[in-house]
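Next come the chains, spelled out residue by residue.
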Amino acid sequence: MGLGVLEDKHLSHVPGTALLTDVVGSDDFHHHGELDTTALRHGKGKDSDVLLVPQPSNSPNDPLNWPLWKKDLMLFFICIDTAVVGAWGPMITPGFVEMTSQFNISYNKLNGDLGYGILMIGLSCFFTNTMAVVYGRRPVFLLGNLLLFISSIGGYYSHTFSSLLGFRLVGCIGMSPFEVLVTTTIADIYFVHQRGVRLAAWGLCLSIGVGGGTIISGYIIQDLGWNWTYGICAIMFGVWIVVLFLFCPETAYRRDESSNTDLGTGKTNKEELAGDDSFKAKEEGGSHGIENIEVENVERATTDIAWSETKHTYWHDLKIYHGRVSDDSFWKVLTRPLMMLLFPQVLFSFFAYGLTTSWLVVVGSVLAQLFTAPPYNFSVSGVGLVSIASLVGAIIGAFISGPIADWIIKAMSRRNGGIYEPEFRLVLIVITLILGGMSFFGFGWSLSEKDPWIAPVIFYGLQYFSVGFMTIAVYGYLTDCHRDKAPEAFAAINLRNIYSFGMNYFISDWISTQGPKEVFCIIGGIHVFICLCAIPMYICGKRCRSWTSRVKVFEKIMRA
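Criteria and thresholds
- All chains use their own residue numbering, which begins from 1 and follows the written sequence.
- A pLDDT threshold of at least 70 governs which residues receive local features in this predicted model, and a stricter bar of 80 or more applies before side-chain atom pairs are shown or counted, although totals over entire chains, interfaces and linings include all residues.
- The basis for every side-chain value is the complete set of non-hydrogen atoms in the structure, without hydrogens or water.
- The numbering of helices and of strands both runs from the N terminus, where a helix is a DSSP run of H or I of at least 4 residues and a strand a run of E of at least 2.
- Under the scheme applied here, a residue whose accessible area is under 20% of the maximum for its type counts as buried, over 50% as exposed, and between as partly exposed, the area being computed with a 1.4 Å probe on protein chains only.
- Two residues qualify as a contact provided that any one of their heavy atoms is within 4.5 Å of a heavy atom in the partner residue.
- Methods summary: accessible areas were calculated by the Shrake-Rupley approach with a probe of 1.4 Å, and residue burial reflects only the protein chains presented.
- Think of a 1 Å grid over the protein atoms and nothing else: a 1.4 Å probe that fits but is trapped marks a cavity, an open set flanked by protein within 12 Å on at least five of seven lines marks a pocket, and residues with an atom within 4 Å of a point count as lining.
- Grid points are joined across faces, edges and corners, and a volume is the space filled by probe spheres set on the points.
- Note on residue categories: nonpolar means Ala, Val, Leu, Ile, Met, Phe, Trp, Tyr, Cys or Pro, charged means Asp, Glu, Lys or Arg, and polar means any other residue, Gly included.
- Think of it this way: a Phe, Tyr or Trp ring, Trp meaning its six-membered ring, pairs with another when their centres are within 6.5 Å, and the plane angle makes it stacked under 30 degrees, edge-to-face over 60, tilted otherwise.
- Here, over-ring charges are defined by two tests on the NZ atom of lysine or the CZ atom of arginine: distance to the ring centre within 6 Å, and angle to the ring normal within 35 degrees.
- Put simply, a salt bridge is a Lys or Arg side-chain nitrogen that is within 4 Å of an Asp or Glu carboxyl oxygen.
- Values of pLDDT, the confidence the predictor places in each residue, fall between 0 and 100.
- What we call a nonpolar core is a set of buried Ala, Val, Leu, Ile, Met, Phe, Trp, Tyr and Cys residues that are connected through their side-chain atoms within 4.5 Å.
- Only the contacting stretch of a helix is used when fitting its axis, a line to C-alpha atoms as for every element, and angles between N-to-C directions run 0 to 180 degrees.
- An angle counts as roughly parallel when it lies under 35 degrees, as roughly antiparallel when it exceeds 145, as roughly perpendicular when it falls between 65 and 115, and as oblique in every other case.
- Residues enter patches when their relative accessible area tops 30% and they take part in no salt bridge; the joining distance is 9 Å for like charges and 5 Å for the nonpolar side chains Val, Leu, Ile, Met, Phe, Trp and Tyr.

Caption draft 1: Structural view of the overall build of the protein chain. A count of helical and extended segments in the protein chain gives 25 helices and five strands. For the protein chain, buried positions account for 59% of its 560 residues. Sequence-distant contacts in the protein chain: of pairs separated by 6 or more residues, those separated by 24 or more amount to 81%. On the protein chain, roughly 22100 Å² of surface is accessible, and the fraction owed to carbon and sulfur atoms is 67%.

Caption draft 2: Expanded view of empty space enclosed by the protein. Following the criterion strictly, the structure yields five cavities of 30 Å³ or more and no others. It is helix α5 (residues 137–156) that contributes the most residues to the lining of the second largest cavity, four residues altogether. Residue classes in the lining of the second largest cavity are distributed as six nonpolar, one polar and two charged.

Caption draft 3: The packing of aromatic side chains, seen in detail. Here the structure, examined in full by the defined rule, presents 27 aromatic pairs. With a centroid separation of 5.0 Å and 85 degrees between ring planes, the pair formed by Phe443 and Phe520 is classed as edge-to-face. Taken together, the positions of Phe443 in helix α19 (residues 429–448) and Phe520 in helix α23 (residues 516–532) put the pair 77 residues apart, joining distant regions of the chain. In this structure, Lys517 is placed above the aromatic ring of Trp445, and the distance from its NZ or CZ to the ring centre is 3.9 Å.

Caption draft 4: A look at the pattern of salt bridges. Applying the stated criterion across every chain yields a total of 14 salt bridges. Notably, a salt bridge pairs Lys109 with Asp113, separated by 2.9 Å at the nearest N-O pair. Residue Lys109 and its partner Asp113 are both found in helix α3 (residues 107–114); the two are separated by four residues, about one turn of the helix. Linking Asp327 and Arg254 is a salt bridge whose minimum nitrogen-to-oxygen distance equals 3.2 Å. Placement of the pair is Asp327 in the loop between α14 (314–317) and α15 (330–340) and Arg254 in the loop between α9 (227–247) and α10 (269–274), with a sequence separation of 73 residues. Using a relative accessible area of 47% as the deciding quantity, one classes Arg254 as partly exposed. Through salt bridges with shared partners, a single ionic network connects Glu7, Glu421, Glu423, Lys542 and Arg545.

Caption draft 5: Representation of the confidence of the model for the protein chain in the model. Per-residue pLDDT for the protein chain averages 82, and the proportion of residues at 70 or more is 86%. Element-level pLDDT for the protein chain is lowest in helix α12 (residues 288–302), with a mean of 31, against a maximum mean of 96 in α5. Note on residues 23–29: pLDDT is under 50 here. Beyond four places in sequence and across chains, it has eleven contacts. Across residues 265–306, confidence stays below pLDDT 50; counting only partners more than four residues off in sequence or on other chains, it has 55 contacts.

Caption draft 6: Spotlight on the nonpolar core. Residues Trp88 and Phe371 are the most contacted members of the largest nonpolar core, which totals 130 residues. Per element, the largest residue contribution to this core is 15 residues, and it comes from helix α20 (residues 454–481). Apart from residues lying up to four places away in sequence, Trp88 is in contact with Leu148, Ser151, Ser152, Phe167, Arg168, Gly171, Cys172, Met175, Tyr230, Cys233 and Phe237.

Caption draft 7: Representation of the packing of helix α2 (residues 96–103) against α3. Closest axis-to-axis distance for the α2/α3 pair is 9 Å, and the angle between their directions is 100 degrees. Looking at the two axes, α2 sits roughly perpendicular to α3. Of the residues in α3, those touching α2 at Phe96, Val97, Met99 and Thr100 are Tyr107, Leu110, Asn111 and Leu114. By residue class, the composition of the contact of α2 with α3 is six nonpolar, two polar and no charged.

Caption draft 8: Quick look at a nonpolar patch on the surface. A cluster of nonpolar side chains, Trp69, Leu73, Phe76, Phe247, Tyr314 and Trp315, forms an exposed patch at the surface whose accessible area comes to about 740 Å². Mapped onto the nonpolar patch, the elements with two or more residues apiece are α1 (68–88) and α14. The element best represented in the nonpolar patch is α1, accounting for three residues. With respect to the secondary-structure elements, Phe247 resides in helix α9.

Here you go:
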C-alpha cells in the first residue's frame, strides 16, 4: 500500500504507474533496487534522479526532445490566445442590464439564450477533439482562431439579438479547442514532473482572460458600447492566427510503445525499464559492466529507425496539415469520450472538475444582477471591477499551485520508493475542499447579510484561488491515467458545459426567489461533497485503473 494507495493484485504494471525517481550509487550508475536504470533518460540538475516519463525517442522530431525554450515559447503563445478566448465568453456580461433595454428582453431571457453558447462549446468539443486526434492539433487550433475571428467581426456589426446570438454560437465552436487541446498539448511535449507548472500557467491565463477581460470590457461598454468588445477581439484573433501559424508546430507524434513506461503495454516493470536482454542478463547474474553494456545495446537496437529520421526544417513545420496522426476511425473517436465516462477515474473527474468550475461560470453570469441592485448599486464599469478579485485570486493560486503540484508528486514518489502513482495528484484537492467551501458559503452569506461590498468580493476571489488547485489536480490526474487517450478524456469531462448551460438558464430566477444565501450554501455543500469523493478515489484509484485495463468492455472502448 503505497502512501495510502491500495496495491493491485492482478497486473504487474498498472497503466499510469511509473518509475519516476531512482538512486545514483557510489559507482555513478542509476539504480532502482537491483535494476540498473542508467540507460534510461533522466532529468537535469536537481531532478537528476527523476526518470523522464514518458521516455523520449532519439528522433529529433519527437516533441519531447524539443529544447525547453521552444516548448515554453509555444505554450506562451497558446496561453495568451487562451486568455483572449477566456475573455471572449463573459466579456459582455457587465453590459447585460443595458442590453436588456436595447433588445427589450428580460435579464433571465438574455442570460439564458446567450447560455446556448456554453451548450455549443460542450457539444462541439466532441468534433474538435476528434479532428485533433485524427488529423493533428495544429489545424484545429488554427480553425478555432479563424472561427473566433469571423464571429468577432460579426458580433461587432450585430444590431439585433438574433444576429448576435448566431455569431456567438459560431464563436463558441471556435472556443472548444481551448477547452481540451491545450492540456493535450502539454501532455504531448512535457514530461510528468514538468506538467504541474504548465497546467497552472494555462489555468492562470484562462482566469486572467475571464477576470481581466471583464474588468476592461466594463469600461469599453460604458464608453464605446458592447459592440466594441467584439471589435477589439477581432483584431486580437486576426493577429494570433498569424502567430500560431508561425510559432506553433504540430505536437502529435507517433512514438514507439517501448518508450511509454507509464502506459503498461504488456511487459512487466523491469522489462519495460531495461529491455528484455538486460533483464535476462541480470537474472543470470552477469557483472555490473556487462549488464550496462547489454542495456546500451538494447537502447541502440530499438532506436535505429528514429536515428535515421532527418530533422524537419522550419518550413516543413509551417505546413498546416501533416497527414493523419491516428489510424482510428473518425466516428469511433467521436463516440469514445461518451464511452469513457464509464471509467471511474473519468467519471470522478467529470463531477469534480465539471461541477466545481461550472459554479464559476454561473457566478460570473449573475454579477451584474447582484451588484447593480441595492445596497451596492454598482455601475457597469463597477461590475467589471468586481472581477479584479477573481484575477488576483487566480494569479496567486497559479503561482502557488503549479510548483506545489510538481513538488508533491516528486516528494511522494521518493517516499514511495521511486514509484509514481497518478493518485498523488489528488492531494491538492484538500486545499480546494477547505478554501472552496469557505468561498461559496461566505459569498452567499455576505450578500444575504448586505455586508460591505469588500466581503463578497473577497470571497469571489477566493473561489478562483481554490478552484485553480482542482483544475491542476484533475487535469494532471487524467493526463497521467490516460495519456494516450487524454483528448477524449478531456472532451468527456467538458460535457460539464451542458450542466453550466442548464444552471445558466434558471440561476437568475433562483437567486431572485430564494436569495443568495440559500443558493450559494447549497452550491457550497455540493462542492464539499464532491471534494470528499477524492478520498475513496485516491485510495482505490490504482485498482480502478487496473480494472479498466483488464475488463474487456473497457479494452474495447480504448481500442474503439
